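# Coordinates in review
Spelled out from the first residue to the last, the chains are:
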Amino acid sequence: MIRLALMLCALLALSACGAGTAEPKWAPDAAVQAARFVEPEGPRSVTLYTVINNRSQQGAHSGLLVKGAETILFDPAGSWYHPRIPERNDVHFGMTPKMRAFYIDYHARETFRVIEQTVDVSPEVAEMIAARAKAYGAVPKAQCANSITSILSDVPGFESIGRTWFPKKLSDRFAELPGVRSRLITDDDADQNHGVLIVQAGETATE
């Protein structure tokens, strides 16, 4: 029992998903429909974002982007938001390339790097994952990786993901999927600049 308690404490300490209860949100239908974004070209795909602490080398957060009939981001227990992006229980709608860049830039700084891993999927699999993300509900803090693996673990092609509470372990397993494409994003932006307003081409992103 003592060992289990220590493991749970470590989980809470290591995860930038934080600790606490879920924070339900529910954007109105009109906002969700207005923000809806469909990729103009390219295959359906699933992208895992993993935030890694450069000091401890531990995983700090996980997010899942799904390019299906529309492009959405499942950011369980995440702190990122954009005033023009409607959110329903950790699912962000209207994830254009610019919004994805905002999301990455929000997390990558001198103390954190971001691993981006993408795998192509069939339209049916993309819709299955998107539907599960939308139905999952608001995610409690410190359960980002656990919620994503809960969604993926028995989806065709993702069975090897299994279940885990650790973002870095999830990333390691995702890296073994056939055909995965990976990209490492680093940024030397100082920590004190994290969470301030980011202005780009008239858009505003903030914590």
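None of the values given here were measured: they were computed from a predicted structure. (Residues numbered from 1 in each chain as written. Predicted model: local features only at pLDDT ≥ 70, side-chain atom pairs only at ≥ 80, totals over all residues. Heavy atoms only, no water.)

### Let's talk about the environment of Lys-134
- On the secondary structure map, Lys-134 appears in helix α4 (residues 123-136).
- Relative accessible area serves as the criterion here: at 35%, Lys-134 is assigned to the partly exposed category.
- Considered as a pair, Lys-134 and Ile-72 are 62 residues apart in the sequence and their alpha carbons are 9.3 Å apart.
- A distance of 3.0 Å separates polar atoms of two side chains, one belonging to Lys-134 and the other to Glu-70. (Helix = DSSP H or I, 4+ residues; strand = E, 2+ residues; numbered from the N terminus. Buried < 20%, exposed > 50% of the residue type's maximum accessible area, 1.4 Å probe, protein only. Polar contact = N/O pair within 3.5 Å; in protein donor to acceptor, adjacent residues only side chain to side chain.)

### Describing the packing of aromatic side chains
- Going through the model one piece at a time under the given rule, you end up with four aromatic pairs.
- Ring geometry for Trp-80 versus Tyr-103: centroids 5.4 Å apart, planes at 90 degrees, classification edge-to-face. With Trp-80 in the loop between β3 (71-74) and β4 (87-88) and Tyr-103 in helix α3 (residues 97-107), this residue pair connects regions lying 23 residues apart in the sequence. Take Trp-80 and Tyr-103: they sit in the same class, and that class is buried.
- Relative to Phe-174, the ring of Phe-158 lies with its centre 6.1 Å away and its plane at 40 degrees, an arrangement referred to as tilted. Taken together, the positions of Phe-158 in the loop between α5 (144-152) and α6 (167-174) and Phe-174 in helix α6 put the pair 16 residues apart, joining distant regions of the chain. (Phe/Tyr/Trp six-rings, centres within 6.5 Å; stacked < 30°, edge-to-face > 60°.)

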